[in-house]
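Close look at the chain arrangement
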Amino acid sequence: MSGSSTVPEDVDSDECLVNYSYIFSPSVLKEKVAFVTGGGSGIGFRIVEILMRHGCQTAIASRSLERVQAAAEKLKIATGQHCLPLKADVRQPQTIIAAVEETLSKFGKIDILINSAAGNFLSPASGLSFNAFRTVLDIDTMGTFNTSKVLYQKWFKDHGGVIVNITATLSYRGQALQVHSGSAKAAIEAMTKHLAVEWGPDNIRINSLAPGPVSGTEGFRKLGGLTADAAEHFKMIPLQRVGNKTEIAHGVLYLVSPAASYVTGTTLVADGGHWLTAANNPAAMLISSKM
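Our subject in this report is the structure included herewith. Everything numeric in this text was worked out from a predicted model, so none of it was measured. Position numbers for residues count from 1 along each chain, tracking the sequence in the order it is written. Whole-chain, interface and lining totals are the exception, using all residues; otherwise, since this is a predicted model, local features are given only for residues with pLDDT of at least 70 and side-chain atom pairs are given and counted only at 80 or more. To get the side-chain values, all heavy atoms of the structure are used, and hydrogens and water are removed first.

Observations regarding the sheet that holds strand 5 (residues 161-166)
Spatially, 3-2-1-4-5-6-7 is the arrangement adopted by the 7 strands of the open sheet, whose pairing is parallel. Strands at the two margins of the open sheet, each flanked by one partner only, are strand 3 (83-87) and strand 7 (267-270). Averaged over neighbouring strand pairs, the angle between their axes works out to 20 degrees when direction is ignored. What makes two strands pair is DSSP finding at least two bridges between them. Here a strand is any run of E in DSSP of at least two residues, a helix any run of H or I of at least four, and the numbering for each starts at the N terminus. Note: strand 6 (residues 204-211) against strand 7, 4 bridges, orientation parallel. Bridging from a neighbouring strand, leucine 209 pairs with leucine 268 of strand 7. Residue contacts follow a heavy-atom distance rule, with two residues in contact if any of their heavy atoms lie within 4.5 Å. Axis definition: a line fitted to C-alpha atoms, limited for helices to the stretch in contact. Angles are taken between N-to-C directions and run from 0 to 180 degrees. Docked against the sheet, helix 4 (residues 130-159) engages strand 1 (33-37), strand 4 (112-115), strand 5 and strand 6, running at close to 175 degrees with respect to strand 4.

Description of the pattern of salt bridges
Note on definitions: salt bridges are taken to be side-chain nitrogens of Lys or Arg within 4 Å of carboxyl oxygens of Asp or Glu. Inspection of the entire model under this criterion finds 10 salt bridges. With a closest N to O distance of 3.4 Å, aspartate 111 and lysine 109 form a salt bridge. Here the residues in one salt-bridge network are Asp10, Arg46, Glu49 and Arg53, joined through shared partners.

Focus on the environment of serine 123
The residue serine 123 is located in the loop between strand 4 and helix 4 in this model. Residue serine 123 is classed as buried on the basis of its relative accessible area, which comes to 8%. Expressed as a C-alpha distance, the spacing of serine 123 and valine 179, which sit 56 residues apart in the sequence, is 8.2 Å. Apart from residues no more than four positions distant in its own chain, serine 123 is found in contact with Leu128, Leu177, Gln178 and His180. Relative accessible area decides the class of each residue, using a 1.4 Å probe on protein chains only: under 20% of the type maximum gives buried, over 50% gives exposed, and in between gives partly exposed.

Overview of the pairing of strand 4
Neither face of strand 4 is left uncovered, since the one carrying Ile112 and Ile114 and the one carrying Leu113 and Asn115 both have all their residues buried. In this sheet, strand 5 lies alongside strand 4 in parallel orientation, the contact comprising 4 bridges. Opposite asparagine 115, over in strand 5, you have asparagine 165 as the bridge partner. After leaving strand 4, the chain enters helix 4 and then returns to the sheet as strand 5, a path that is right-handed. Call a crossover right-handed when, viewed with both strands pointing away from you, the route from the first strand across the helix to the second goes clockwise.

Side note on the nonpolar core
Membership of the largest hydrophobic core comes to 35 residues, with the highest contact counts inside it found for Leu51, Ile60, Ile114 and Val256. Where this core is concerned, the elements lending two or more residues are strand 1, helix 1 (42-53), helix 2 (65-79), strand 4, strand 5 and helix 8 (245-256). In terms of residues, this core owes the most to one element, helix 1, which gives 7 residues. Leaving out residues up to four positions away in the same chain, leucine 51 has contacts with Leu29, Ala34, Cys56, Ile114, Leu253 and Val256. The definition of a nonpolar core used throughout is a set of buried Ala, Val, Leu, Ile, Met, Phe, Trp, Tyr and Cys residues joined through side-chain atoms within 4.5 Å. Residues Val33, Leu104, Ala117 and Phe156 belong to the second largest nonpolar core, which totals 29 residues.

With respect to helix 8
For helix 8, built from 12 residues, the straight-helix expectation of 16 Å at 1.5 Å per residue is met to within 8% by its first-to-last C-alpha distance of 17 Å. Burial runs high along helix 8: 10 of the 12 residues are buried. Among all positions of helix 8, only Lys245, Thr246, Ile248, Ala249, His250, Gly251, Val252, Leu253, Leu255 and Val256 are buried. Lining the buried residues of helix 8 we find helix 1, strand 4, strand 5, strand 6 and strand 7. Definition of a polar contact: a pair of N or O atoms within 3.5 Å, with one able to donate and the other able to accept a hydrogen when the atoms are protein atoms, and with sequence-neighbouring residues admitted only if both atoms are side-chain atoms. Its side-chain oxygen 3.0 Å from the backbone nitrogen of threonine 246, asparagine 244 forms the N-cap of helix 8. One fewer than the residue count of a helix, multiplied by 1.5 Å, yields its expected span.

Description of the pairing of strand 3
Where strand 2 (residues 57-62) lies against strand 3, 5 bridges are found, and the strand directions are parallel. The residue bridging threonine 58 from the neighbouring strand is cysteine 83, located in strand 3. Viewed along the sheet, the connection from strand 2 through helix 2 into strand 3 turns out right-handed.

What to know about the packing of helix 1 against helix 2
Contact geometry for helix 1 and helix 2: axes closest at 10 Å, N-to-C directions at 30 degrees. Regarding the angle of helix 1 to helix 2, the classification is roughly parallel. Between helix 1 and helix 2 the crossing geometry is right-handed. Two secondary-structure elements touch here, helix 1 through Phe45, Val48, Glu49, Met52 and Arg53 and helix 2 through Ala71, Lys74, Leu75, Lys76, Ala78 and Thr79. Of the residues belonging to the contact of helix 1 with helix 2, the class tally is 6 nonpolar, 1 polar and 4 charged. An angle below 35 degrees is treated as roughly parallel, one above 145 as roughly antiparallel, one from 65 to 115 as roughly perpendicular, and anything else as oblique. A clockwise turn of the near helix away from the far one marks a right-handed crossing, whereas an anticlockwise turn of less than a right angle marks a left-handed crossing. Each residue is assigned to one class: nonpolar for Ala, Val, Leu, Ile, Met, Phe, Trp, Tyr, Cys and Pro, charged for Asp, Glu, Lys and Arg, and polar for all the others, Gly among them.

Shown next as structure tokens:
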């Protein structure tokens, strides 16, 4: 394959890539430091790996210190860069403050923030508890604001920086069974615009990236992706396939790189055109999610 049809290598598990072909210069993020929430697994793990393969040192924060410790060891071995595992809950600003301060103590600066911590599951709105709805907004929306504000106060205000928020296309047409996550992600995309306007004069760029269905992730398994794939539902996607974690990480790499130096306040949709054509069938989605 050649040109735009080339699909980068990925692995389904939370393991580093066996082989990697560079698109950007390997040193494009040399001497940069990134703080990443949700970086211990799934899309977040691959984002961290790709940033590190391009010269970036990282701190990865999660409620599970054991998870990010294991991830950090894999990432350091695969990339040769430093990776600092930290325990933090994005719903609790004091834990974020402690993690950011430890990162600054270790690396002396933070150039990049990736907000990728999230929670999701399928549920009809009528069956969604008040607490479940609030929990998703607390993790996704409040977590994104909490972490962004802490980074702004602790470093970005005086030194500039780049923020990328991982969102979704769920709210673009009112995706069935996703009122909680769709509402949370829509709020983040609005937040992206507001903060880009307010913090732009401080030399801070803020963008979002909205993935479509991505193979090899817990979300793909929990939200019926395996069943949909087996039934060839993803043939409806204009690019005829699901995406992979490396492709999403490449989108983030672009947004944090100098190639996007004049890009702020927008959302990069990386879904193969999925949201334009995918079926929106609540009954079928519920069945798929339970198989």
